[in-house]
Amino acid sequence: MTTTALTAFTVSSPTLRALASTEPSMEGTRLVRDVRRSKRLLLLRAVLDAAPGGRSGETADHWALLEEAERHDAGAVRDVLHYPATGVWAEETLRRLHAPCGPPPDLGHLGALAVAAALRAGIAFSHTLRPLHGRLVLPTLGLLRPDRPGPLTLTARSWDPDDPATVPLHVLPGGRTALDDLDPYRAAGPAQPAPVRPARRLTPKGHKRWDTQWSGALTLLQRYDTLRAEETVQLLRSVVPLAGGSRSSGATLPAAAGSVLARAQAPPALAATLVHEVQHGKLTALADVLTLHTADHTPRHWAPWRSDPRPLEGLLHGAYAHLALAGYWQRAALYGARGAWAQHARIRAQVAAVLPTLRAHERLTAVGRDFADAMGAAERAMDDLPPPGDQHAAARRAVDRERRAWCEAHPELAPFAQG
């Protein structure tokens, strides 16, 4: 399994501008996927190097099975290793391996990855794993419910989707994106900042509801913005349902590259959530190979889409995701989508209000300034297709009122809210 250091990546000026505009491009999508793959392999290698007895013993046996499977079907192994939840497991495991105290690392999960890869590669093997609480999750495949406690020896015949003891991972219509309500690492654990709570395993009725909403959202994306529809399918490997009562419509975890946590919602709202969250994943990948700024994480900036102060990183991410949303709603409006012009005007006004702060920020690097300038150019280009009447001007006035109200609530941060 070959790896590429993240410092080896170069980003051409056209690719940087295309990514900054949020508009999908073949080069931008390829860069995002290549960065994600290299980062994942580097992370897995770090886990292997840090694991006690990583070159011998049980961990080495797991890795050997992965390598054997790769020799027969590299694509199948790649899909397992680059599955979003694998990244959450790898980061958590590496953190625990380097922690002087705390819970032990779950190195047994590497065996589950190896068995899933071997099953998908179709090789003959025999491997023993220990189910947890009567269940064994095999990433990208689903889970097994053994009929007896204790270690379980798996072979090429152990996975039978028709067996009642087997629960396959649900695949959303289209066959390229999983609805993951099974993997124990599908969301961050409680040790992570601002944890999000994934839903428990869904019922067949819940799966059917998601199928309908997903199909409806993709239909809208394909109708209004074909390129964003294709980008969504290419960059999203899994969707993780959020638990009921979640206040957030969607979230993205940097460790789970290629995954979105989303609340069950009507197709128009889900389409917008997908557009928004995919941008966070793109910007995270770009920031892994380019330093866009050198600011700290102190929350001090006004962001019109939130009530709390944001660090520069959060402001940049929010502006980037909302810039894409403004473009999406503009295209939807041109196709006659109800309420789309109002959505476009409101979101574009929010982005326009913070772009001057971003572009003038003293902690931007040279490449970060180029990126912010290209974002500004993309926002100004929306003038070519303005909303009817005074909707844009009215939206700007509304945002200015919100800015003043925020400054009154945070007087000590008023200097960070000026456009």
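What you see is a predicted model, and the numbers here were worked out from it, not measured in a lab.

(A) The overall build of the chain, seen in detail. Within the chain, the secondary structure is distributed over 13 helices and ten strands. The C-alpha radius of gyration computed for the chain amounts to 23 Å, which stays within 12% of the reference 22 Å derived for 419 residues, consistent with globular compactness. Along the longest, intermediate and shortest principal axes, the C-alpha atoms of the chain span 70 × 45 × 40 Å. The long-range fraction of contacts in the chain, counting pairs at least 24 apart against all pairs at least 6 apart in sequence, stands at 67%. Summed over its atoms, the accessible surface of the chain is roughly 19300 Å², and 53% of this surface lies on carbon and sulfur atoms. Charge centroids of the chain, computed over 49 positive and 41 negative side chains, lie 4 Å from each other.

(B) Structural context of a nonpolar patch on the surface. Judged by side-chain polarity, Leu-334, Tyr-335 and Leu-385 come together as a nonpolar surface patch covering roughly 320 Å² of accessible area. Secondary-structure assignment places Tyr-335 in the loop between α10 (312–334) and α11 (340–360).

(C) Inspection of unusual backbone geometry at higher detail. A positive phi angle, near 70°, is found at Thr-22, a position not held by glycine. Following the sequence through the fold, Thr-22 ends up in the loop between α1 (13–20) and α2 (26–50). According to the relative accessible area criterion, Thr-22 is buried, its value standing at 0%. Backbone geometry at His-133 places phi at a positive 55°, although glycine is not the residue there. Checked against the element boundaries, His-133 lands in the loop between β1 (126–129) and β2 (136–138). On the accessibility criterion, His-133 (75% relative accessible area) is exposed.

(D) Quick look at the environment of His-317. Within the secondary structure, His-317 is located in helix α10. The exposure class assigned to His-317 is buried, which follows from its relative accessible area of 11%. Setting aside residues up to four positions removed in sequence, His-317 forms contacts with His-280, Leu-283 and Thr-284.

(E) A look at the pairing of strand β10 (residues 259–262). Of the two faces of β10, the one holding Ser-259 and Leu-261 and the one holding Val-260 and Ala-262 are both buried throughout. Strand direction decides the pairing type here: strand β8 (residues 238–241) and β10, joined by four bridges, are parallel. Looking at β10, one finds that Ser-238 is bridged to Ser-259. In this sheet, β10 lies alongside strand β9 (residues 250–251) in antiparallel orientation, the contact comprising two bridges. Bridging from a neighbouring strand, Gly-250 pairs with Ala-262 of β10.

(F) Representation of the nonpolar core. In this structure, Phe-371 and Met-375 are the most contacted members of the largest nonpolar core, which totals 78 residues. At 13 residues, α10 tops the list of elements feeding residues into this core. Excluding its chain neighbours within four sequence positions, the residues that come into contact with Met-375 are Ala-20, Leu-316, Ala-319, Tyr-320, Leu-323 and Leu-355. Ranked by size, the runner-up nonpolar core spans 56 residues in total, among them Val-77, Ala-121, Leu-182 and Leu-242.

(G) Representation of the side chain of Glu-231. Mapped onto the fold, Glu-231 is located in helix α8 (residues 226–235). What Glu-231 contacts, discounting residues up to four positions off in sequence, is Pro-24, Thr-29, Val-278, Gln-279 and Lys-282.

(H) Structural view of the sheet that holds β2. Taken in spatial order, the three strands line up as β2-β3-β5 in an open sheet, and their pairing is antiparallel. For this open sheet the edge positions go to β2 and β5 (166–168), each flanked by a neighbour on one side alone. Between one strand axis and the next, the sheet turns through 20° on average, direction left out of account. Across three bridges, β2 lies against strand β3 (residues 142–144) in antiparallel orientation. Looking at the pairing, Val-137 lines up with Leu-143 of β3.

(I) Looking closely at the packing of helix α9 (residues 267–289) against α10. The geometry of α9 relative to α10 is characterised by a closest axis approach of 9 Å and an angle of 135° between their N-to-C directions. Between α9 and α10, the crossing angle belongs to the class labelled oblique. Crossing of α9 over α10 shows right-handed handedness. Each of Pro-268, Ala-271, Ala-272, Val-275, His-276, Gln-279, His-280, Lys-282, Leu-283 and Thr-284 in α9 lies in contact with α10, whose residues at this interface are Leu-316, His-317, Gly-318, Tyr-320, Ala-321, His-322, Ala-324, Leu-325, Tyr-328 and Trp-329. Its residues assigned to classes, the contact of α9 with α10 comprises twelve nonpolar, seven polar and one charged.

(J) Region of interest: the packing of aromatic side chains. Using the criterion set out here, one finds four aromatic pairs in the structure. Where Tyr-320 meets Phe-371, the ring centres are 5.6 Å apart and the plane angle is 35°; that geometry is what we call tilted. Highlighted residues: Tyr-320 in helix α10 and Phe-371 in helix α12 (residues 366–381), separated in sequence by 51 residues. In terms of burial, Tyr-320 and Phe-371 fall into one category: buried. Through pairs of rings, three or more aromatic residues link up here, namely Tyr-224, Tyr-328, Trp-329 and Tyr-335.

Each value, and the rule that gives it
- Residues numbered from 1 in each chain as written.
- Predicted model: local features only at pLDDT ≥ 70, side-chain atom pairs only at ≥ 80, totals over all residues.
- Heavy atoms only, no water.
- Helix = DSSP H or I, 4+ residues; strand = E, 2+ residues; numbered from the N terminus.
- Rg over C-alpha atoms; globule rule 2.2 N^0.38 Å.
- Contact = heavy atoms within 4.5 Å.
- Areas by Shrake-Rupley, 256 points an atom, 1.4 Å probe, with all protein chains shown as cover.
- Lys, Arg positive; Asp, Glu negative; His and termini not counted.
- Charge placed at Lys NZ, Arg CZ, Asp CG, Glu CD.
- Patch = residues over 30% accessible without salt bridge, like charges linked within 9 Å, V, L, I, M, F, W, Y side chains within 5 Å.
- Salt bridge = Lys/Arg side-chain N within 4 Å of Asp/Glu carboxyl O.
- Buried < 20%, exposed > 50% of the residue type's maximum accessible area, 1.4 Å probe, protein only.
- Pairing = 2+ DSSP bridges.
- Core = buried A, V, L, I, M, F, W, Y, C linked by side-chain atoms within 4.5 Å.
- Axes fitted to C-alpha atoms, helices over the stretch in contact; angles between N-to-C directions.
- Parallel < 35°, antiparallel > 145°, perpendicular 65-115°, else oblique.
- Left-handed = near helix turned anticlockwise from the far one by under 90°.
- Nonpolar A, V, L, I, M, F, W, Y, C, P; charged D, E, K, R; others polar.
- Phe/Tyr/Trp six-rings, centres within 6.5 Å; stacked < 30°, edge-to-face > 60°.

Geometric descriptors of this kind do not, in isolation, establish any biological role.
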